[in-house]
Amino acid sequence: MDGNKVYKRLNGMRIDEKDLQQRLLDIENNVVHHKRFTELYNMIHDCHHLNDGLVIMGDTGAGKSTLFKKYESAYPREKKMRIRNNHTERYESVPVLRVELDSNSSPLNVASKMLERLGDPFTNGTEKVLTARLKKLIPDSDVKVILIDEVQHIVASDTQKVIYKAADWIKQFANDVKIPIVFGGIKEKAKKIFASNAQLDERFPNKQEFNVFPYSTYDEQIEFRGYLKGIEAKLPFADRSSSKISDPYLADKIYYASLGTPRTIYHLIRHASSKALRAGSDMLEEKHLYEGFDLLSFETRPKVINPFDGKVFNLDVALEKENIKKS
Ligand SMILES: Nc1ncnc2c1ncn2[C@@H]1O[C@H](COP(=O)(O)OP(=O)(O)OP(=O)(O)O)[C@@H](O)[C@H]1O
Ligand SMILES: [Mg+2]
């Protein structure tokens, strides 16, 4: 998205639906390259070019899949030609192969999914057959790094045997394809896979955490506000600079509402912006966040209160009322 995108002024007139949808899409497409995001992006880059493995585990909604998608998009697929056995053939080069595992996957599904992503029409067969096809197709498609997201789904059940078998397949696969693999997944579940198989665990010594934003120390608060600043800088409003979501006053409230989770922040900002634009506002104000907050689901926080009431807010007191510790 263009950083300097200028939005039409609404002057209190309700936005038309097409413009609204485009502006909401602009919010969705704004990926903030915050500190941890950039660190991990660079680690994937190193892994890709230095032929190393990497595991990125973390809290749900922290941004793992967003990071993988961003990395993939930096290395687009290309239609190419090559000569083989005296024949010219067309093929698609896929420098970065990214797969996202569905729930209840098995090694067989993983192989089939990768084949599908490489455009292979034959995705049925035994685990052995598919794995063999994959090992051939990966170099044939010029794949240089594989990103396997939601790796926790490779264990369809929690029995030790299933976990071990999946871990063993991964290990064997990694040894066979001889190109770097980066795994992403939810911490607790992904950890179990590596803990179940010492050889796999040792093959991937670089394990990184990618968690939601902490907000205890001064530096962490600055960091969180920096993230909000990245969102603020591209808000789809004519007067975006008047929307002060990164000021401590609103940042505290947004931390309380999201507990530092980018996914919740996205939903909050999207709902609030939609309300504001429908009301013809040219900036995002606290009252819109109030309305946006009411559209969020807080199943696990029955005592949560809407902090966007225009009043001074004490984060520590509010969290204490819910028995929540700042991470
Ligand atoms: N760097 C970012 N900039 C802007 N928005 C982000 C960023 N990271 C995450 N988000 C928002 O949070 C949402 C959830 O992120 P994502 O799906 O990447 O999390 P995840 O860590 O993969 O979660 P899960 O473990 O549940 O799969 C994204 O759809 C996006 O809206
Ligand atoms: Mg994800």
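Residues numbered from 1 in each chain as written. Chains lettered and ligands numbered in written order. Predicted model: local features only at pLDDT ≥ 70, side-chain atom pairs only at ≥ 80, totals over all residues. Heavy atoms only, no water.

J.: How would you summarise the pairing of strand 5 (residues 145–149) if you had to cite specific residues and measurements?
T.: The buried fraction of strand 5 amounts to 5 of the 5 residues, a majority that puts the element mostly inside the structure. Here strand 5 shows a buried face lined by Val145, Leu147 and Asp149 and a second buried face lined by Ile146 and Ile148. Inspection of the sheet shows strand 4 (residues 96–100) paired to strand 5 by 5 bridges, in the parallel sense. Pairing of Val96 across the sheet is with Val145, part of strand 5. Summarising the sheet, strand 5 and strand 6 (residues 181–186) pair through 3 bridges and their orientation is parallel. By the bridge assignment, Leu147 is partnered in strand 6 with Val182. Between strand 5 and its parallel partner strand 6, the chain crosses via helix 6 (residues 160–177), and the hand of that crossover is right-handed. (Buried < 20%, exposed > 50% of the residue type's maximum accessible area, 1.4 Å probe, protein only. Helix = DSSP H or I, 4+ residues; strand = E, 2+ residues; numbered from the N terminus. Pairing = 2+ DSSP bridges. Right-handed = clockwise from strand over helix to strand, strands pointing away.)

J.: Go over the coordination of the magnesium ion (ligand 2) with me, naming the residues and quoting the values.
T.: Angles between donor atoms at a metal ideally measure 109.5 degrees for a four-coordinate tetrahedral arrangement and either 90 or 180 degrees for a six-coordinate octahedral one. Those donors, Ser65 (OG) and Glu150 (OE), are the protein atoms that reach the magnesium ion (ligand 2), and they lie 2.0 to 2.2 Å from it. Of this pair, Ser65 sits in helix 3 (residues 64–73) while Glu150 sits in the loop between strand 5 and helix 6, and the two are 85 residues apart along the sequence. Across the pair, Glu150 and Ser65 agree in class, each one buried. (Donors = N, O, S within 2.8 Å, 3.2 Å for Na, K, Ca; no water.)

J.: Describe helix 4 (residues 107–117), with residues and values.
T.: Listed as buried for helix 4 are Pro107, Val110, Ala111, Ser112, Lys113, Met114 and Leu115. Summarising the contacts, the buried residues of helix 4 are in contact with strand 4, helix 5 (127–140), strand 5 and helix 6. Two residues or fewer after helix 4 comes Gly119, characterised by a positive phi angle close to 80°. (Contact = heavy atoms within 4.5 Å.)

J.: So what's going on with the packing of helix 9 (residues 218–232) against helix 10 (residues 248–258)? Residues and values would help.
T.: Direction vectors running N to C along helix 9 and helix 10 enclose 95°, while the axes themselves pass 10 Å from each other. For the element pair helix 9 / helix 10, the angle class is roughly perpendicular. Listed contacts from helix 10 to Phe224, Arg225 and Leu228 of helix 9 are Pro248, Ala251, Ile254, Tyr255 and Ser258. Its residues placed into classes, the contact of helix 9 with helix 10 shows 6 nonpolar, 1 polar and 1 charged. (Axes fitted to C-alpha atoms, helices over the stretch in contact; angles between N-to-C directions. Parallel < 35°, antiparallel > 145°, perpendicular 65-115°, else oblique. Nonpolar A, V, L, I, M, F, W, Y, C, P; charged D, E, K, R; others polar.)

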